[in-house]
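What the coordinates show
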Amino acid sequence: MAPQGQLSLAGTETAVVLGDGTGVLGPAMGDAARRLPLSTVILDGYDRAYSANLAAGIGNARLDPKLYDAVSGRTQGLDVKAGETSIAFTVDPGSVRAAQPVPLRLDDEHAEKARLLAARIATRIAPNTQLAFALRQGAQGLEASLAGKVRPAFLLAGEGGSNLGFTARGDGAVAVRHAMGPLGLTVSAETGDVWTDRIAHDGFDRGQQAGFARYGGALDWSRGAVDLAVGASWLAEDETVLGARFADSIGAGGAESLFFDATAGWQPAPGWSLTADYRRGFTMPQAAGMVESGSRFQSSAWSVDAQKVGVLLRGDALGLRIAQPLRVENGGIALTLPTGWDYATETATFGRRTLSLTPSGREIDGEVRWTGPWMGGNLTASLFYRRDPGHVASIADDKGAALRWYAKF
């Protein structure tokens, strides 16, 4: 067994760390690192050769606590509309304290104590053209807003077509939509950071970030009770590969991804809505370090939901959604690694190894949600089930219920 600590790949000057310091996969890759070994040859300080499995040092992304995130928010929102222009923002009250509940306002008293989480401005710049900007939000929300397509909101089960495969923290976004009768063409752009969250002691700190940019276009069509939309977007990551981060000993050159999206909606009767969407992604890691050019893999996400408005009370809604978050379906990263060591000549033999990024688990989320007015506020009740959370087959299925009541004072 090789000694633990910093060692060198045979025949290279690159140092590696055995244990958990070679990388962390993205949420779309689940437990892929546990499936296949990534064998190579390493040398210790005395030039003794050992066989090592680099995949053993690649960890999983932190599993998102979806229920906690859904019910623990302290955010407050405000929107203002004047003519063809609307402004909306969300703040976290933070350390604001008062003897009585304080209505949301950004005056001198509270502006410095409240943290601005997101803001959006939308306006009509021509009879058939709309423009929208966003701060701390993604462009996909702007696209849907400009097209007037609002899907039911669920506490845990997300829309498949809005999933990038990693935790994204947007910096800013812009979108423009031009209507042509029943057709609408939307182009958008956004920038932000890929958030890598993992507890490690070698090379990867909790909360590490790397930049990304996304550019997209979508064509939507509406007639009567039917809505259709197709789109494509280009995602460029600076240092990550669909949310995965690798040590410099493997290669951290970033990646480019092309996504194709399709959405269909139908209102079969008053108060009823049915929606389905599908996303297919093609990711190409950049050649860097030991990552070879030509590496690629595919991913997919989907969701279907149904909602009925006006079930028990005026203004209430009952909905069902089944969804699969973005998951790598096939392919991986091709690496050039030392596979043998000749003591006589002190030279290494190199070979091609493929790190499969396809997980054995497949997360499927199901949620039944009722929302409606209650006691001067809004009550949401949810029953949910998650199979293979995080696309990790060894994790027990997640199931439970949630109640959330919200009111403005």
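The next thing to look at is the overall build of the protein chain. When helices and strands are counted, the protein chain shows 2 helices and 23 strands. Taking all 409 residues of the protein chain together, the buried fraction comes to 42%. Of the accessible surface of the protein chain, which amounts to about 20300 Å², a share of 57% is contributed by carbon and sulfur atoms.

Attention now moves to the pattern of salt bridges. Taken as a whole and judged by the stated rule, the model has 16 salt bridges. Its salt-bridge partner being arginine 214, residue glutamate 143 comes within 3.8 Å of it at the nearest N-O pair. Taken together, the residues span a long stretch of sequence, with glutamate 143 in helix α2 (residues 139-147) and arginine 214 in strand β13 (residues 208-223) at a distance of 71 residues. The partner of arginine 352 in a salt bridge is glutamate 292, with the nearest N and O atoms 2.4 Å apart. With arginine 352 in strand β20 (residues 347-356) and glutamate 292 in the loop between β17 (272-285) and β18 (296-309), this residue pair connects regions lying 60 residues apart in the sequence. Ionic contacts of the salt-bridge type, sharing partners, join the residues Arg151, Glu159, Asp277, Asp305 and Arg321 into one network.

With that out of the way, let us pick up unusual backbone geometry. Residues other than glycine seldom take positive phi values, yet leucine 242 does so here, at roughly 50°. Examined against the element boundaries, leucine 242 turns out to sit in the loop between β14 (226-237) and β15 (245-246). Relative accessible area serves as the criterion here: at 0%, leucine 242 is assigned to the buried category. Here histidine 391, not a glycine, exhibits a phi torsion of approximately 60°, which is positive. Note that histidine 391 resides in the loop between β22 (377-387) and β23 (398-406). On the accessibility criterion, histidine 391 (1% relative accessible area) is buried.

Under the definition given, this model contains 2 aromatic pairs. Taken together, a centroid distance of 5.7 Å and an interplanar angle of 65° make the contact between phenylalanine 166 and phenylalanine 212 edge-to-face. Of this pair, phenylalanine 166 sits in the loop between α2 and β11 (167-180) while phenylalanine 212 sits in strand β13, and the two are 46 residues apart along the sequence. Comparing phenylalanine 166 with phenylalanine 212, the two get one shared label, buried. With a centroid separation of 6.2 Å and an interplanar angle of 75°, the aromatic rings of phenylalanine 260 and phenylalanine 282 are classed as edge-to-face.

With 37 residues, the main nonpolar core has Leu25, Met29, Leu242, Phe246 and Leu357 as its most contacted residues. Only β1 (6-9), β5 (49-53), β16 (255-266), β18 and β19 (317-342) provide two or more residues apiece to this core. When residues in this core are grouped by element, the largest group, 5 residues, is from β19. When near neighbours in sequence (up to four residues on either side) are disregarded, leucine 357 contacts Leu25, Met29, Ala32, Phe297, Val328, Gly331, Gly332 and Ile333. Membership of the second largest hydrophobic core comes to 8 residues, among which are Ala132, Leu142, Leu146 and Ala173.

Bringing the confidence of the model for the protein chain into the picture now. Model confidence for the protein chain is summarised by a mean pLDDT of 81, while 80% of its residues fall at 70 or above. The model gives residues 95-114 a pLDDT under 50, and that stretch makes 19 contacts with residues more than four places away or in other chains. Segment residues 199-205 is flagged for pLDDT under 50; beyond a separation of four residues in sequence, or across chains, it makes 17 contacts in the model.

A cluster of nonpolar side chains, namely Val304, Val311, Leu312, Leu313, Leu318, Leu320, Ile322, Val368 and Leu383, defines an oily patch on the protein surface of about 740 Å² accessible area. Tallying contributions element by element places β19 first for the nonpolar patch, with 3 residues. Within the secondary structure, leucine 318 is located in strand β19. By relative accessible area, which is 37% here, leucine 318 ends up partly exposed.

All right, on to the environment of glycine 254 then. Looking at where glycine 254 falls in the secondary structure, it is placed in the loop between β15 and β16. Sequence separation of glycine 254 and glutamate 239 is 15 residues, and the distance between their C-alpha atoms is 3.9 Å. Those residues in contact with glycine 254, other than ones at most four positions away along the chain, are Glu237, Asp238, Glu239, Thr240, Val241, Pro285 and Gln286.

You can see glycine 319 is positioned in strand β19. Given a relative accessible area of 4%, glycine 319 falls into the buried group. In the structure, glycine 319 is positioned 166 residues away from alanine 153 in sequence and 8.9 Å away in space, judged by C-alpha atoms. Once residues lying within four places of it in the same chain are set aside, the contact partners of glycine 319 are Phe154, Ala306, Gln307, Glu367, Val368 and Arg369.

Rules and cut-offs
- Residues numbered from 1 in each chain as written.
- Predicted model: local features only at pLDDT ≥ 70, side-chain atom pairs only at ≥ 80, totals over all residues.
- Heavy atoms only, no water.
- Helix = DSSP H or I, 4+ residues; strand = E, 2+ residues; numbered from the N terminus.
- Buried < 20%, exposed > 50% of the residue type's maximum accessible area, 1.4 Å probe, protein only.
- Areas by Shrake-Rupley, 256 points an atom, 1.4 Å probe, with all protein chains shown as cover.
- Salt bridge = Lys/Arg side-chain N within 4 Å of Asp/Glu carboxyl O.
- Phe/Tyr/Trp six-rings, centres within 6.5 Å; stacked < 30°, edge-to-face > 60°.
- Core = buried A, V, L, I, M, F, W, Y, C linked by side-chain atoms within 4.5 Å.
- Contact = heavy atoms within 4.5 Å.
- pLDDT = per-residue confidence, 0-100.
- Patch = residues over 30% accessible without salt bridge, like charges linked within 9 Å, V, L, I, M, F, W, Y side chains within 5 Å.

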